[in-house]
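Fold and contact review
Listed below are the residues making up each chain.
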Amino acid sequence: MDKALNINENKLNVLFPFHFFIDKDLRVISTGKSLDKIMPGCINCSFNELFNIKRPKTDIVSFNSLNNLSNSVVILRSKTKSNLIFRGQFLLFEESETLLFAGSPWVTSSEELTHHNLVLSDFAIHNSISDLIQIMKSNEMVMNDIKHLVNSLEKQKQEINSTSTRLSALIQNMHSGILLEDENRKIVLINQTFCDIFKIPLSPEPLKGADYTNSVEQSKHLFTDPENYVERIENILEAKKPVKNELLYLTDGKILERDFIPVFADDKYQGHLWQYRDVTEEKNAQEKIKASEEKYKGILENFDLGLIEVDVNELITKSYPRFSTLTGYSEEELLNLKATELLFEQEDKLVLEKQNELRKKGLPSVYEVRIKTKSGEPKWVMISGAPIFDLKKNIVGSIGIHWDITLLKEKEQELKSAKDTAEKSALIKQQFLANMSHEIRTPINVILGLSDLLGESKLQEQQLQDIETIKSSANHLLFIINDILDISKIESGKVELRKDSIDLNILIENLNKQFRPLADRKNIQFNLEISSLVPKFIIGDEYRLQQILNNLISNAIKFTNKGSVNISIRPIRQQTKKCTLQFNIVDTGIGIDKKDHAKIFENFIQASNNNSREYGGTGLGLSIVKELVRLYKGNISFTSEINEGTSFIVEIPFDISEINNTTNNINENNNEESVIKNKNILLVEDNELNRVVATRYLEKWAVVYDIAENGIFAVEQACSKNYDVILMDIQMPQMDGYHATKLIRTLDNSNNKLTPIIALTAHAVTGEKEKCINAGMNDYLAKPFKPNDLLWKITSAIKENLKTKNSNYNLNYLNEIAAGNPDFLKQSLYVFLNETPKMFNDLKQALLNKNITDYKFIAHKIKTNFHILGAHETFNKIESIGKKLPESSIKEFEEVENIVSLICDDLKTELNRL
C-alpha cells in the first residue's frame, strides 16, 4: 500500500468495501471484502476478463489507458455476473505502480440487492451529507446521460433524413421504374420513370399517399396478356415472396423486366417494392446474337472442322459434332474431361503445355500435333487455338479448331521421300560430274600443256599441224565438258552474273581473232560489224556475254558450208546510263525445220538426229544460251528455213560505264613475268604429268619452286619454309587440298598463315570455288588452264600479298633514324624481335583475364616499337581491342597476332640480309 495515502486495509474495507487493486499487467492483486463476496476468485485475474467499461466508452489495452480515466467517474459492467454494474473512480499509487478502484454497485431497488445477495452491511458507512452528494452526483450523471441520448437521437434523425433524401433522389433518377407501397397499398414512393412506363399523367409528388389498388386495372391494356398481368400481380401480393427478372411484353413492342421485393420488419409485413426495367434493346440484341450463334453454329457444324471449347482448367465445356466425328467420342463422353489427357500421347503433351501457356497470355496460335481416336487410330490434326474472353476481358477458357490433315501428312511424307530421293540423285549426279570433270580434265590439262610447250619448240611443218590437231581435239572435248557443267550450274541456280566493265571493242576483236580463221578454213565469209552508236564500255559479266556469242557464232559457222556468217551489234534503246543492245547472228547454213523450232532450246536436243553425227556437239549450247540470256533479263528469238539459213536475235539490257575496269588482259602487261621472277612457289600436285607441265611453265618464268606430292608433304614444307605462293591441287591421296590448306592456316609453327594459296583443280562443278575459298584458299583455277591464266593468278596473288605486307609496316622511318648505320638498324630489329613475342603473350593473357589496366599498360610499352617500324595501323588495331574490353573477342586479337607474326617473319629475313 502506498505510504502517501494514510489509509490501511481495514479503513478501505469500511469506506470502499467493493474496491480492488490492479498492477502494471492489469492483474487484480487484492479486493475488498464485499467485492469478494459477490465476485469471488478475482485475485490474479485480468481486468479485461472481469470487466467492461461501460462509460466512458473506451478499450483498455494497457495500464496507461486505464490510468487516463483517473479523473472521470467510471461505470464498470461485470463480465462474470449479469446485470452487475459498478460506479466509482480509479486512483494511481505511483510508488507501488498500482491502480485502486474505489466504488460500489449501482442498484436502484431492493430486488436488485436481493438478486446479488447483498445486505446493507455490505456497503460503506455513510452519513446523510455524503449520501446527498452521492444522489446529486447520480442525478447529474443521469441528466448528462439524457442529454447525450437526446443529442444522439437528434443526430440519428438528421442522418435518417439525409439518407432518406439521398435515397429519394437516387430512386427518382433511376432508369428503372420504382413503386414503394405500404401494407395497405398506399404509395410511399414513386419515381418519374414508373409514371412514364405506365403512362400516368401526374408527377410523382402528388401521388404519395394515394391508394394504388385500382391502378392495375387501369394499366392492364398496355400489356399483350392483360388478364394474366392482373392475375399475376394478385398472386405475387398474396404470396409475399421475392420475384426476380420476370419478363412482361407490352403491346407497343417493348419488353419490361419486373422485380418484386416484400419488406418485413421484426417479421411483420410493412409493404413491398416494385421495380420495372425496360430491357427491349437488350433482349432484342440477345435474340440477334442467339440467331447469329445458331447461324454460325450451323456453318461451323457443316465445315469439316472439329471445334471444342475448354475452360481455364482445360476441361471440355462444349464439343461440336464434327469433333465427335473426328475423335470417335460423343459429346457426353467428352464433357468435363481434359482433352490433353484423353487425346494426346505423352511425347506431344509438351507441345500442348506450351500452347496453353500462350492461351493464358491471351495469344492465339496454329500448330500441328497427333491425336489418338477412341478406336486407337492415330490422326494428324492442325489446331488453331485462341483464348475466350468474358465481358471484362478476363480469359475464361479457349477454343480449338481441329482440321484433319492425316492425308496431307501422308502426302507430305511421300513428297519428302521423293525429295530425299531427288536430292540423293542430284548428289550422285553432282558427284559423277565432279569425278568426270576431274578424270577428264586432268589428262586434257597435260595434253594442252604439252601441246603448248611443243608448239614453242622447233618442229617441222607437219609436226606443228599435228600439234594443232591435238590441241583442237582436246579443246573440242573440253568444250563438251564445259557445256555439261554449265547446264548443271544453271539448273542448280548457282550461276550469278558479275558486274564488270566490258570494252566492247576488245570483245569484238577477240571474237574476230577466234572465229575468222575457222570461217576461212571453210571458205565462207565472216563479217562482224558494230554500230558507232554502241557505247564503248558497258557493265556486265564479260565471260557469260562471250559465252552467249561464242555458242551462237560457233553454231553458225559449224552449220554453214557455203555463203556467209554475219554478226552485227546495234543499240535499240538508249538512255544516259542504260542501253539495250541487239546482237544479230545470221548465217546461210542448213537451217532448222519448222517442226523442230519449238524444241530447239531444250537440253540435249539438236534440230536433226543426223546433225550430231555429222557436226558433233552435245545439244546443250542453245539451252545454255537461252538460260544465260534469261539471267541477263534479255530476250532471244530466231527465224530459220531449211537450206536457207538461220537468224538469231539477242536483246540484252546493260548499264553504261565510262570507266574501263577490265585490266586482267595478261597480254597488255609485259611486266608479269618480272613480278614472279625468283619468287618461291610450292607446287602441290600428285599427278606426275601435271607436275611436268606445271614445272616447265615455272622454269620458263624463272621461278624457284618446290614440289609436294600430297597434302601431308605440303603441310610439312609450309611449316619449314616461307613461300610467296602455294599452288594447291585438290584431289590427292592421303590428304586432299582442303585439309592441307586448313592445317597450313591454323598450325602454330606454320610460316605461311597468310601466304596466298591458289587451288588448281580439275573439279569445275558448281560451288567448287566457294568450297576452296571457305577452306582458306585465296583463288581458284580450273584445269585445264592456259599458261597466261596461271601467270595472271600467280602475279595477282603476289601483288596483293605485297600490298598487304606493305600496309602492315615500313622501315622508312627506321632507315631515316639509322642514317646509313647498319649496326643501329640491326640492333633495332633485334630489340623488336626479342621483346615483341613475349610482350604480345602478356597482352593476350591480359585480354583473356579481361584485365583492362594490364592490357593498356603493356600496349603503352610496345607503342613506340610499332611506330618506329611504321606499323601504325597494326598498333591502332591493338589499341582498339583494349578500348572494347571486356567485350573484345579473342578472335579479333588472334587476327592481329597473325599480322604481328608475319611482320616478325619478314624482319627476321631482313635481319639475315643485313
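Note that the structure is predicted; figures quoted are calculated from it, not measured. (Residues numbered from 1 in each chain as written. Predicted model: local features only at pLDDT ≥ 70, side-chain atom pairs only at ≥ 80, totals over all residues. Heavy atoms only, no water.)

**A closer look at the sheet that holds strand β14 (residues 365-372)**
What counts here: By definition, two strands form a pair when at least two bridges between them are found by DSSP. Secondary structure elements are defined from DSSP: runs of H or I of at least 4 residues count as helices, runs of E of at least 2 residues count as strands, and each element is numbered from the N terminus. Angles here are taken between N-to-C directions and fall from 0 to 180 degrees, while the axes themselves are lines fitted to C-alpha atoms, restricted in helices to the stretch in contact.
The strand order across the open sheet formed by 5 strands is β13-β12-β16-β15-β14, and the pairing between neighbours is antiparallel. Where the open sheet ends on each side, the last strands, each with one partner, are β13 (316-319) and β14. This sheet shows a mean twist of 30° between the axes of neighbouring strands, independent of strand direction. Where β14 meets strand β15 (residues 378-389), 8 bridges bridge the pair, whose relative direction is antiparallel.

**A closer look at the packing of aromatic side chains**
Geometrically, a pair of aromatic rings is defined through the distance of the ring centres and the angle of the planes. Our working rule: Two rings from Phe, Tyr or Trp (for Trp, the six-membered ring) form a pair when their centres sit within 6.5 Å of each other. Planes less than 30 degrees apart are called stacked, planes more than 60 degrees apart edge-to-face, and all others tilted. Exposed residues in this analysis have more than 50% of their type's maximum accessible area, buried residues have under 20%, and partly exposed residues fall in between, with area computed by a 1.4 Å probe over protein chains only. We call a charge positioned above a ring when the Lys NZ or Arg CZ atom is no farther than 6 Å from the ring centre and deviates by at most 35 degrees from the ring normal.
Throughout the structure, instances matching the rule amount to 22 aromatic pairs. When the centroid spacing of 5.1 Å and the interplanar angle of 10° are considered together, the rings of F20 and F51 count as stacked. Highlighted residues: F20 in strand β1 (residues 20-22) and F51 in strand β3 (residues 51-55), separated in sequence by 31 residues. Each of the two residues, F20 as well as F51, counts as buried. Note on F47 and F51: the rings are 5.6 Å apart at their centroids and 35° apart in plane angle, and the pair reads as tilted. Take F47 and F51: they sit in the same class, and that class is buried. Cation over ring: K240 sits above Y269, and NZ or CZ is 4.8 Å from the ring centre. We note K318 situated over the ring of Y320; from NZ or CZ to the ring centre the distance is 5.3 Å.

**Some points on the confidence of the model for the protein chain**
As a reminder of what qualifies: Residue-level confidence of the predictor is what pLDDT reports, using numbers from 0 through 100. Here a residue-residue contact requires only that any non-hydrogen atoms of the pair lie within 4.5 Å.
Mean pLDDT over the protein chain: 80, with 82% of residues reaching 70 or higher. Across residues 607-619 the pLDDT falls below 50, and counting only partners more than four positions away or on other chains, this stretch makes 25 contacts in the model. Low pLDDT, under 50, characterises residues 660-670; the stretch is placed with 16 contacts to residues that sit more than four places away or in other chains.

**Thoughts on the sheet that holds strand β8 (residues 187-190)**
Ordered in space as β8-β7-β11-β10-β9, the 5 strands form an open sheet in which the pairing is antiparallel. Each edge of the sheet is formed by a strand with only one pairing partner; in this case those strands are β8 and β9 (243-249). Each adjacent strand pair in this sheet contributes to an overall mean axis angle of 20°, direction not counted. In the sheet, strand β7 (residues 177-182) pairs with strand β11 (residues 268-278) via 6 bridges, with the strands oriented antiparallel.

**Let's talk about helix α30 (residues 852-868)**
Our working rule: The span you would expect from a helix comes to 1.5 Å times its residue count less one. Two axes enter the definition of the bend at a residue: one is fitted to the seven residues ending there, the other to the seven starting there, and the bend is the angle between them. By the criterion applied in these results, polar contacts are pairs of N or O atoms within 3.5 Å in which, for protein atoms, one can donate a hydrogen and the other can accept it, and in which residues neighboring in sequence qualify only through two side-chain atoms.
For α30, spanning 17 residues, the distance from its first C-alpha to its last is 25 Å, which sits close to the expected 24 Å at 1.5 Å a residue. Taken as a whole, α30 carries its principal kink of about 35° at I862. Within α30, burial applies to Y855, I858, A859, I862, N865 and F866. At the N-terminal end of α30, a side-chain oxygen is found 3.3 Å from the backbone nitrogen of T853, two or three residues along, and the residue is N851. Where α30 terminates, the next one or two residues include G870, which has phi positive at roughly 75°.

**Some thoughts on the pairing of strand β26 (residues 725-729)**
For a regular strand, the rule is simple: side chains alternate between the two faces of the sheet. Within β26, 5 of the 5 residues are buried, leaving the element largely enclosed by the surrounding structure. Going residue by residue along β26, you find V725, L727 and D729 tucked away on one face and I726 and M728 tucked away on the opposite face as well. Two elements, strand β24 (residues 680-684) and β26, share 4 bridges in a ladder whose sense is parallel. Looking at β26, one finds that I681 is bridged to V725.

**Focus: the packing of helix α18 (residues 504-521) against helix α19 (residues 542-558)**
What counts, and what does not: Our angle categories are set so that under 35 degrees counts as roughly parallel, over 145 as roughly antiparallel, 65 to 115 as roughly perpendicular, and the remainder as oblique. Should the near helix be turned anticlockwise from the far one by less than a right angle, the crossing is left-handed, and should it be turned clockwise, the crossing is right-handed.
Relative to each other, α18 and α19 sit at 20°, their axes nearing to 11 Å. Taken together, α18 and α19 sit at an angle that is classed as roughly parallel. Two packed elements cross with a definite hand, and for α18 against α19 that hand is right-handed. Here L507, L511, Q514, F515, L518 and A519 of α18 come into contact with α19, specifically with L545, Q546, L549, N550, I553, S554 and I557.

**A closer look at the side chain of E685**
Relative to the helices and strands, E685 resides in the loop between β24 and α23 (688-700). For E685, a relative accessible area of 4% gives the class buried. Among the polar contacts listed, one links the side chain of E685 to the backbone nitrogen of N687, at a separation of 3.0 Å. Not counting chain neighbours up to four residues away, the residues in contact with E685 comprise N690, R691, A708, E709, D729, M732 and K783.

**Quick look at the nonpolar core**
Operational definition: We call a set of buried residues a nonpolar core when its members are Ala, Val, Leu, Ile, Met, Phe, Trp, Tyr or Cys and they connect through side-chain atoms within 4.5 Å of each other.
L545, I553, L581, F583 and F654 are the most contacted members of the largest nonpolar core, which has 41 residues in total. Here this core takes 7 residues from α19, the largest share from any one element. Residues within four places of I553 in sequence aside, it is in contact with L511, F515, F526, I567 and I585. Within the second largest apolar cluster, 28 residues are counted, among which are I858, F866, L869 and A871.

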